[in-house]
Amino acid sequence: MNILGIETSCDETGVAVYHTDQGLLSHQLYTQAATHAEYGGVVPELASRDHVRKLPWLIKDALKEAGIEAGDLDGVAYTRGPGLVGALLVGISTARGLAAGLGIPALGVHHLEGHLLAPMLADNAPEFPFVALLVSGGHSQFIEVLGVGRYRLLGGTIDDATGEAFDKVAKLLDLPYPGGPHLAKLAQQGDPRRFKMTRPMVDRPGLDLSFSGLKTQALVQAKKLAVQGHVRGQDAADLAAAFEYTVAETLFVKCRRALEETGLKRLVLAGGVAANLRLRERLSQLDAELFYPPLAYCTDNGAMIAYAGAQRIQAGQSDAAYPEPRPRWPLEELSHV
Ligand code: KG4
Ligand code: ZN
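Keep in mind that what you see is a predicted model, and the values were worked out from it rather than measured.

Colleague: I keep staring at the overall build of the protein chain and nothing clicks. Help me out?
Modeller: What the protein chain contains, in helices and strands, is ten helices and ten strands. Rg of the C-alpha trace for the protein chain: 20 Å, near the compact-globule value of 20 Å for 337 residues, within the 12% margin. For the protein chain, the spread of C-alpha atoms along the three principal axes comes to 60 × 45 × 30 Å. Residues classed as buried in the protein chain amount to 54% of the 337 residues present. Within the protein chain, residue pairs in contact and separated by at least 24 positions form 71% of the contacts whose partners lie at least 6 positions apart. When the 32 positive and 38 negative side-chain charges of the protein chain are each reduced to one mean point, those points stand 6 Å apart.

Here it is as structure tokens:
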């Protein structure tokens, strides 16, 4: 089966074709980062308009790259939520229009299920069950994954998402949006031990996370270091390194606990922050097998939606009536384990 995947939940337009036997046939991505950079964050209306402009061309390119025609498609999967409602509507309408025109099933996919299953696109894919740490711009959760659609939430952030904290601290350091990758790059030149930061919530039981206190620690330090309102040079690099180091140490402790609590030995790191190399390196020291998606499929993309959709469409699922977008959509609603 050839499944087209469409991702438009936020500021990335992603389209891919996944073949249920041959694997990923194509992958096209357009990032709107430059559009939103001058505002320091995503402007929803601009995001929707950009998706409208780019999506049809990306679909054309994805089909061409896969070497197939629209008529060769067997299903269309799209991100139904969570995300920005206007942006989601662009993907939903396009996907459903295309599927209706071709007489094939359409299926709304949960964006986080896409992230959770993205490691399946790697050569070294994990087997079920595994513990997943999902860390993106909007989410930070520990999930026990028993199979496709069988998820148990173990804990999550009580305030900021991990990627959001990266982005906010990056903003303090005058780094461009989205700040996570820029902060990580700057941190490479920094000394993570110059500024001591406390690891949030590690001495509390459970698997909940919190990043707003850590963000405040960075803010307090930045104020001390600022010259004419800006932190520069080695100071900025050292602060970036201290923040990144503390996040990695905190997540290390929590991942160890998640593995102990579930008795599992496989850990999957997913979501945009899974691109962070220091975090990968630290988590590889756990007594568990570590899996993560190929770098290109860590941040938002169409391949993960095509893959997740393919699993469900192959199992006979499709949209019932016209589905509403789900800007807020708890992952647990997908399954009762
Ligand atoms: O999964 P994603 O593309 O979008 C959401 O669903 O949120 O994640 C984007 C987030 C942003 O906050 C971005 O700054 C962060 O992932 N991110 C990183 C890195 N690459 C992306 N954070 C830290 N280090 C990175 N290398
Ligand atoms: Zn995402």
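Picking up where we left off.
Colleague: Which parts of the structure should I look at to understand the site of ligand 1?
Modeller: Near ligand 1 you find 17 residues, and of these Gly 137, Asp 167, Gly 180, Asn 276 and Asp 300 are the closest. Contact distances for ligand 1 include 3.1 Å between an oxygen atom and a side-chain N or O atom of His 115. One nitrogen or oxygen atom from the main chain of Gly 137 is found 2.7 Å from an oxygen atom belonging to ligand 1. For ligand 1, whose unbound accessible area comes to 550 Å², protein coverage reaches 88%. Put simply, the parts of the chain that give the shell around ligand 1 at least two residues each are α4 (111-117), α5 (162-172) and α6 (179-187). Looking at the shell around ligand 1 residue by residue, the classes come out as five nonpolar, ten polar and two charged. Two domains each donate at least three residues to the shell around ligand 1, and these are domain 1 (2-117 + 297-333) and domain 2 (128-292).

Colleague: Is there a simple way to think about the sheet that holds strand β10 (residues 289-291) in this case?
Modeller: Adjacent strands of a sheet pair through backbone hydrogen bonds, lying either parallel or antiparallel. An order of β8-β7-β6-β9-β10 is seen for the five strands of this open sheet, with the pairing classed as mixed. Here the strands that pair on one side only, and so sit at the sheet edges, are β8 (150-156) and β10. For this sheet, the mean angle separating the axes of adjacent strands, direction not counted, is 25 degrees. Where strand β6 (residues 130-135) lies against strand β9 (residues 266-270), four bridges are found, and the strand directions are parallel. Each residue of the ladder has a partner; that of Leu 133, found in β9, is Leu 269. Against the sheet, helix α8 (residues 233-262) contacts β6, β7 (140-147), β8 and β9, and its axis sits at roughly 150 degrees relative to β6.

Colleague: Any chance you could explain the pairing of strand β5 (residues 106-110) here in plain terms?
Modeller: The side chains of a regular strand alternate between both faces of the sheet. By the criterion of burial, β5 is predominantly enclosed, with five of the five residues buried. Residues Ala 106, Gly 108 and His 110 point to one face of β5 and Leu 107 and Val 109 to the other, with burial holding for every one of them.

Colleague: Sorry if this is basic, but what is going on with the coordination of the zinc ion (ligand 2) here?
Modeller: The expected angle between donors at a tetrahedral four-coordinate metal is 109.5 degrees. At an octahedral six-coordinate metal it is 90 or 180 degrees. His 111 (NE2), His 115 (NE2) and Asp 300 (OD) make up the full set of protein donors to the zinc ion (ligand 2), lying at 2.0 to 2.1 Å. Written as a sequence motif, the donor residues of the zinc ion (ligand 2) are H-x3-H-x184-D. Here His 115, found in helix α4, pairs with Asp 300, found in the loop between β10 and α10 (302-314); they are 185 residues apart in sequence, far enough to count as distant. Across the pair, Asp 300 and His 115 agree in class, each one buried.

Colleague: In this structure, what is going on with the packing of aromatic side chains? I would like to understand it.
Modeller: Any pair of aromatic rings gets described here by the distance separating the centres and the angle formed by the planes. Applying the stated criterion across every chain, the model contains three aromatic pairs. Ring centres 5.1 Å apart and planes at 85 degrees place the aromatic pair Tyr 18 and Tyr 307 in the edge-to-face group. Of this pair, Tyr 18 sits in strand β2 (residues 12-19) while Tyr 307 is found in helix α10, placing the two residues 289 residues apart along the sequence. Residue Tyr 18 is classed as buried on the basis of its relative accessible area, which comes to 12%.

Colleague: What am I meant to see in unusual backbone geometry here?
Modeller: With an omega dihedral of -15 degrees, the bond running from Gly 81 to Pro 82 counts as a cis peptide bond. In this structure, Pro 129 follows Phe 128 across a cis peptide bond, with omega equal to -10 degrees. For Pro 129, the position within the fold is in the loop between α4 and β6. A positive phi angle, near 60 degrees, is found at Asp 174, a position not held by glycine. Position of Asp 174 relative to the elements: it lies in the loop between α5 and α6. The exposure class of Asp 174 is partly exposed, given its relative accessible area of 45%. Despite not being glycine, Met 201 has its phi angle at roughly 65 degrees, a positive value. Along the chain, Met 201 turns up in the loop between α6 and α7 (212-225).

Colleague: Any chance you could explain the sheet that holds strand β4 (residues 75-81) here in plain terms?
Modeller: Taken in spatial order, the five strands line up as β3-β2-β1-β4-β5 in an open sheet, and their pairing is mixed. This sheet does not close on itself; its edge strands, each paired only once, are β3 (23-31) and β5. Taking each pair of neighbouring strands and ignoring which way they run, the sheet shows an average axis angle of 20 degrees. Contacting β1 (2-7), β2 and β3, helix α2 (residues 44-66) crosses the sheet at an angle of about 155 degrees to β3. Lying over the sheet, helix α3 (residues 85-102) contacts β1, β4 and β5, oriented at roughly 160 degrees with respect to β4.

Cut-offs applied
Counting restarts for each chain, with residues numbered from 1 along the sequence as it is written. Key to labels: chains lettered from A, ligands numbered from 1, both in the order written. Reporting of local features is limited, given that this is a predicted model, to residues whose pLDDT is at least 70; pairs of side-chain atoms are given and counted only at 80 or more, and all residues count toward the totals for whole chains, interfaces and linings. Side-chain numbers come from the whole structure's heavy atoms, not from hydrogens or water. Helical segments are the DSSP runs of H or I of at least four residues, strand segments are the runs of E of at least two, and each set is numbered from the N terminus. Using C-alpha atoms as the atom set, the radius of gyration is obtained and then compared with a globule rule of 2.2 Å times the number of residues to the power 0.38. For every residue, the accessible area (1.4 Å probe, protein chains only) is compared with the maximum for its type, and the residue is labelled buried under 20%, exposed over 50%, or partly exposed between those bounds. Note on contacts: a residue pair qualifies if any of its non-hydrogen atoms lie within 4.5 Å across the two residues. In this tally, Asp and Glu contribute negative charge and Lys and Arg positive charge; neither His nor the terminal groups of the chain are included. Working definition for charges: the position is that of NZ of Lys, CZ of Arg, CG of Asp or CD of Glu. We define proximity as follows: a residue is near a molecule or strand when any one of its heavy atoms falls within 4 Å of that partner. Two N or O atoms count as a polar contact when they lie within 3.5 Å, although within protein this holds only if one can serve as hydrogen donor and the other as acceptor, and sequence-adjacent residues are included solely when both atoms are side-chain atoms. Shrake-Rupley sampling with a 1.4 Å probe provides the accessible areas, and residues are treated as covered by the protein chains on show and by no other component. Just so you know the grouping, Ala, Val, Leu, Ile, Met, Phe, Trp, Tyr, Cys and Pro go in nonpolar, Asp, Glu, Lys and Arg go in charged, and all remaining residues, Gly too, go in polar. Where each domain begins and ends is defined by an automated method or by a domain database. Paired strands, in this sense, are two strands between which DSSP finds at least two bridges. All axes here are fitted lines through C-alpha atoms, helices being fitted over the stretch that makes contact, and every angle between N-to-C directions spans 0 to 180 degrees. Coordinating donors are taken as N, O and S atoms within 2.8 Å of the metal, stretched to 3.2 Å for Na, K and Ca; because water is absent from the atoms, sites can appear incomplete. Classification of ring pairs uses Phe, Tyr and Trp, with its six-membered ring standing for Trp, and accepts pairs whose centres are within 6.5 Å; under 30 degrees between planes counts as stacked, over 60 as edge-to-face, and the remaining range as tilted.

The quantities given are spatial measurements derived from coordinates; they are silent on function.
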